[in-house]
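# Residue-level structure breakdown
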Amino acid sequence: MSYDVGAVRAQFPALRSGTAHFDGPGGTQTPASVIAAIGEAMSGPLSNRGGALPGEVNAEEIVRGFRQAMADLLGADPGGIVFGRSATQLTYDFSRTLSGTWSPGDEVVVSRLDHDANIRPWVQAAERAGAVVRWADFDPSTGELSPEAVGAQITGRTRLVAVTGASNLIGTRPDIPAIARLAHGAGALLYVDGVHLTAHHPVDVERLGADFFVCSPYKFFGPHHGVLAARPELLGSLRPDKLAPSTDAVPERFELGTLPYESMAGTRAAVDFLAGLGAGADAAGGRRERLRSAYAAIDTHETELRESIEKTVGELGGVTVHSRAAERTPTLLLTFEGRDAADAYRFLARSGVHAPAGSFYALEASRHLGLGDSGGLRVGLCAYNDTDDVERLLTGLSDWLS
Ligand SMILES: Cc1ncc(COP(=O)(O)O)c(C=O)c1O
């Protein structure tokens, strides 16, 4: 059966408002099943985790279900799934813990393609440890961050390489397995920002070679928080700051305070929602298999819409599309000759089309593209966009330009 975008849209109460959402890279809307799962978690008895009473068992089951769902999504071990307030918070926490073992003269590699969430925590941690920060540059003319460009910054002193799985500004998907081989060859750890990638592509943390992988469920139809995946043995070798009476078990060691069970229940439901979007949704087979089929269906749908936008935008004149890498997500960054992208955003907003303008915290990338701090107009597609959304966007852009 082909991808039924109408049936997908019907599951999102927020889409009834009539807004055409191209702001998915900033955060997606929420399907009814996720909203229901959050409500159910809070409607049943819910206590601190334990095994004797229903409220304790419910909390325990929610945590177990969350870790298993995220493990299925990322090809990870459920025992290495860490809940966090956001990808930013997780990266700050891990940068502080990891840099505790760095010495003056050690090195860390960051990339100019990244969201600042995978740059600044490492830069600041390196400053405190007296470590050297080395910058890997992408090619602004192609948008590509090559493994060679990252490899050129890796030396025998490199302790960590931090790189994005996909750029939230221009969509570029660097060759992470190749970068992982270079990092590991030098004895360094690889920290991958998978926030934008996970919304569009199936992830296998082992195949990627990521020692640490962060993502944020609110970018793929879930609640607002972050998740980190790592091998339980690696997590077990790290000593984060924690309260004296809190457990030393992994992954709980990294999860400070009482967990927000309702968000975890919502994230499990978001993974199930995603898994239900593929042709094999009703087929027997595990959730991971269904997720693979779903990502393939979403990719075909998003690519079709992306290509139709690219074709028309290319004909409009005076529009530059900065998203050009061979492997990329359906996220387009546009700028306009002699016109301000923020004006386009405001004009489109008047007709209920949400395509935001800015550099979206990918400050280094925006500057490296020659766009300063203001970036451009970001058009992000996701599973619920349809041809009507695209027509409204293109008509709006054409009206604004003329
Ligand atoms: C690529 C990328 N990394 C990191 C982040 C930060 O994620 P969070 O809001 O979960 O901290 C974002 C948010 O937009 C992002 O797009």
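Description of the structure in this document. All values reported here derive from a predicted model rather than from experimental measurement.

Within helix 12 (residues 341–350), burial applies to A341, A344 and L348. Along the long axis of helix 12, the arc covered by the buried residues comes to 50°, so they all point the same way. Those residues of helix 12 that are buried are in contact with strand 10 (331–336), strand 11 (353–354), strand 12 (357–358), strand 13 (376–380) and helix 14 (387–401). Between a side-chain oxygen at the N-terminus of helix 12 and the backbone nitrogen of A342 the separation is 3.0 Å; the capping residue is D340.

On to the pairing of strand 8 (residues 226–230), then. Burial within strand 8 is extensive, with 5 of its 5 residues counted as buried. Of the two faces of strand 8, the one lined by G226, L228 and A230 and the one lined by V227 and A229 are each fully buried. Taken together, the 4 bridges between strand 2 (residues 81–84) and strand 8 define a ladder with antiparallel strand orientation. What sits directly across from G84, in strand 8, is G226. The pairing of strand 7 (residues 212–215) with strand 8 spans 4 bridges and is classified as antiparallel. Residue pairing for strand 8: C215 is matched across the bridge by V227.

Listed as buried for helix 7 (residues 176–185) are I176, P177, A178, I179, A180 and A183. Among the structural elements, helix 6 (147–151), strand 5 (158–164), strand 6 (189–193) and helix 8 (205–208) are those in contact with the buried residues of helix 7. A side-chain oxygen of the first residue of helix 7 lies 3.2 Å from the backbone nitrogen of A178; this N-cap is D175. Looking one or two residues beyond helix 7, the residue adopting positive phi is G187, at roughly 80°.

Now for the sheet that holds strand 12. Reading across the sheet, the 4 strands line up as 9-10-13-12 and stay open at both edges, with antiparallel pairing between neighbours. Edge positions in the sheet fall to strand 9 (319–321) and strand 12, since each of these pairs with one other strand and no more. Two strands pair when backbone bridges link them, and strand 9 and strand 10 are joined in this way by 3 bridges, in the antiparallel orientation. Residue pairing for strand 10: T320 is matched across the bridge by T335. Most of the contacts of helix 12 go to strand 13, to which it runs at about 50°, and overall it touches strand 10, strand 12 and strand 13.

In the structure shown here, the tally under the stated rule is 28 salt bridges. The shortest N-O distance in the salt bridge between E252 and R49 comes to 3.1 Å. Taken as a pair, E252 in the loop between helix 9 (232–236) and helix 10 (261–275) and R49 in the loop between helix 2 (32–43) and helix 3 (54–74) lie far apart in primary sequence, 203 residues in all. Look at E252 and you get buried, because its relative accessible area is 19%. Across the pair E255 and R67 runs a salt bridge whose closest N-O atoms are separated by 2.8 Å. You can see E255 sitting in the loop between helix 9 and helix 10 and its partner R67 sitting in helix 3, a full 188 residues away along the chain. On the basis of relative accessible area, E255 is assigned to the buried category, the value being 8%. Through salt bridges with shared partners, a single ionic network connects R49, E60, R67, E252 and E255.

Before going further, it helps to examine the packing of helix 3 against helix 11 (residues 287–316). Packing of helix 3 against helix 11 leaves a shortest axis separation of 8 Å and a crossing angle of 50°. One finds that helix 3 runs oblique with respect to helix 11. Between helix 3 and helix 11 the crossing geometry is right-handed. Contacts between helix 3 and helix 11 involve Q68, A69, D72, L73 and L74 on the former and, on the latter, R287, R288, L291 and Y295.

Evaluated as defined, the whole model comprises 12 aromatic pairs. Here W102 and W122 contribute two aromatic rings whose centre-to-centre distance is 6.4 Å and whose plane-to-plane angle is 35°, an arrangement assigned as tilted. In this pair, W102 sits in the loop between helix 4 (87–99) and strand 3 (107–111) while W122 sits in helix 5 (residues 120–129), placing the two residues 20 residues apart along the sequence. Residues W122 and Y191 carry aromatic rings whose centres are separated by 4.9 Å and whose planes lie at 70° to one another, so their mutual orientation is edge-to-face. With W122 in helix 5 and Y191 in strand 6, the pair connects residues that are 69 residues apart, well separated along the chain.

Bringing unusual backbone geometry into the picture now. Across the junction of V250 and P251, the peptide omega takes the value 10°, indicating a cis bond. Here P251 is to be found in the loop between helix 9 and helix 10. The phi dihedral of F221 falls on the positive side, at around 80°, and the residue is not glycine. For F221, a relative accessible area of 3% corresponds to the buried category. Even without being glycine, F360 reaches a positive phi, approximately 55°. Mapped onto the elements, F360 comes out in the loop between strand 12 and helix 13 (363–368). Exposure remark for F360: the relative accessible area of 18% places this residue in the buried category.

Before going further, it helps to spend a moment on the site of the ligand. Within the structure, the ligand sits among S86, A87, T88, H115, A117, N168, D193, V195, S216, Y218 and K219. In the model, an oxygen atom of the ligand is placed 2.5 Å from a nitrogen or oxygen of the T88 side chain. Between K219 and the ligand, the recorded distance is 2.6 Å, taken from a side-chain N or O atom to an oxygen atom. Relative to its unbound accessible area of 390 Å², the ligand is 89% covered by the protein chains.

Reading guide: rules and limits
The numbering scheme is per chain: residues are counted from 1 as the chain's sequence reads. Reporting of local features is limited, given that this is a predicted model, to residues whose pLDDT is at least 70; pairs of side-chain atoms are given and counted only at 80 or more, and all residues count toward the totals for whole chains, interfaces and linings. Only heavy atoms go into the side-chain values, all of them from the structure, while hydrogens and water stay out. The rule is simple: take the accessible area with a 1.4 Å probe, protein chains only, and divide by the maximum for that residue type; under 20% is buried, over 50% is exposed, in between is partly exposed. Every helix listed is a DSSP run of H or I at least four residues long, and every strand listed is a run of E at least two residues long, numbered separately from the N terminus. Picture the helix axis, draw a direction to every C-beta atom, and the arc is the one those directions span. Whether two residues are in contact is decided by their heavy atoms, any of which lying within 4.5 Å being enough. Pairs of N or O atoms are called polar contacts if they sit within 3.5 Å, as long as, within protein, a hydrogen donor faces a hydrogen acceptor (for residues adjacent in sequence, only side-chain-to-side-chain pairs). When DSSP locates at least two bridges between a pair of strands, those strands are taken to pair. Angles here are taken between N-to-C directions and fall from 0 to 180 degrees, while the axes themselves are lines fitted to C-alpha atoms, restricted in helices to the stretch in contact. Counted as salt bridges are all cases of a side-chain nitrogen of Lys or Arg within 4 Å of a carboxyl oxygen of Asp or Glu. Roughly parallel means an angle under 35 degrees; roughly antiparallel means over 145; roughly perpendicular covers 65 to 115; every other angle is labelled oblique. Crossings are assigned a handedness: left-handed for a near helix turned anticlockwise from the far helix by less than a right angle, right-handed for a clockwise turn. Note on ring pairs: Phe, Tyr and Trp rings are taken, using the six-membered ring of Trp, and paired if centres are within 6.5 Å. Classes follow the plane angle, with under 30 degrees stacked, over 60 edge-to-face and the rest tilted. Nearness is judged by heavy atoms alone; a residue qualifies as near a molecule or strand once a single heavy atom is within 4 Å of it. Areas reported here follow the Shrake-Rupley algorithm with a probe of radius 1.4 Å; residue values treat only the protein chains shown as occluding.

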